[in-house]
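Remarks on the overall topology
Spelled out, the chains give:
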Amino acid sequence: MIKTTVSIEGAEFFAYHGYFEEERLVGNHFILDVSVDLETQIDFDDRISDTINYADLYTLCAEEMKNTQKLLETVVNRIITRIGKDLNGVQSARVKLSKINPQMGGKVNRACVEMSF
């Protein structure tokens, strides 16, 4: 067996996640990085069924980014839970969600939440 990592890096979304009502009304820019590990056969035969389709991975993430949540932790948890449940063969995953220029009373490039299993 060979360990394979499939990743999506720097996926950009505009969404309405935030603890405060104003954040959920105005929205913000987010960047999502996701990687999943799986085992593939040494005799890999150029079949999409032998891996994780990164288009499917992106679609899963995009669906969850549309569901407004108060906490970034909730968004990340929903994504990583679906990865484990919906994508066959995933042995581990990492999801990092960054909120760009969060309103914090000072200059902050991004606030991030990351989870893995």
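As a starting point, this report considers the structure included with it. (Residues numbered from 1 in each chain as written. Predicted model: local features only at pLDDT ≥ 70, side-chain atom pairs only at ≥ 80, totals over all residues. Heavy atoms only, no water.)

1. Quick look at helix α3 (residues 72-86)
The first and last C-alpha atoms of α3 sit 21 Å apart over 15 residues, in line with the 21 Å expected at 1.5 Å per residue. Of all the positions in α3, only L72, V75, V76, I79, I80, R82 and I83 are classed as buried. Considered in projection along α3, the buried side chains sweep an arc of 155° and stay on one side of the axis. Among the structural elements, β2 (28-40), α2 (54-65), β3 (90-100) and β4 (110-116) are those in contact with the buried residues of α3. (Helix = DSSP H or I, 4+ residues; strand = E, 2+ residues; numbered from the N terminus. Expected span 1.5 Å × (residues − 1). Buried < 20%, exposed > 50% of the residue type's maximum accessible area, 1.4 Å probe, protein only. Arc of directions from axis to C-beta. Contact = heavy atoms within 4.5 Å.)

2. Some thoughts on the nonpolar core
Counting 28 residues, the largest nonpolar core has L32, V36, I79, I83, V95 and L97 as its most contacted members. Elements with a minimum of two residues in this core: β1 (2-15), β2, α2, α3 and β3. The contact partners of V95, leaving out residues within four places of it in the chain, are L32, D33, V34, V76, I79, I80, I83, V113, E114 and M115. (Core = buried A, V, L, I, M, F, W, Y, C linked by side-chain atoms within 4.5 Å.)

3. Some words on the packing of aromatic side chains
Inspection of every chain in the model, using the stated rule, returns three aromatic pairs. Plain terms: the ring middles of F13 and Y58 are 5.7 Å apart, the flat faces sit at 15° to each other, and that makes the pair stacked. Taken together, the residues F13 in strand β1 and Y58 in helix α2 connect sequence positions 45 residues apart. Judged by its relative accessible area of 11%, F13 is buried. Given a relative accessible area of 36%, Y58 falls into the partly exposed group. A centroid spacing of 5.3 Å and a plane angle of 90° characterise the contact between Y19 and F20, whose relative ring orientation is edge-to-face. As far as burial versus exposure is concerned, Y19 and F20 are alike and both exposed. (Phe/Tyr/Trp six-rings, centres within 6.5 Å; stacked < 30°, edge-to-face > 60°.)

4. Thoughts on the packing of α2 against α3
Between α2 and α3, the shortest axis-to-axis distance is 10 Å and the interhelical angle comes to 145°. Classified by chirality, the crossing of α3 by α2 is right-handed. Where α2 abuts α3, its residues L57, L60, C61, E63, E64 and M65 lie against V75, R78, I79, R82, I83 and D86. Partitioned by chemical class, the residues of the contact of α2 with α3 number seven nonpolar, no polar and five charged. (Axes fitted to C-alpha atoms, helices over the stretch in contact; angles between N-to-C directions. Left-handed = near helix turned anticlockwise from the far one by under 90°. Nonpolar A, V, L, I, M, F, W, Y, C, P; charged D, E, K, R; others polar.)

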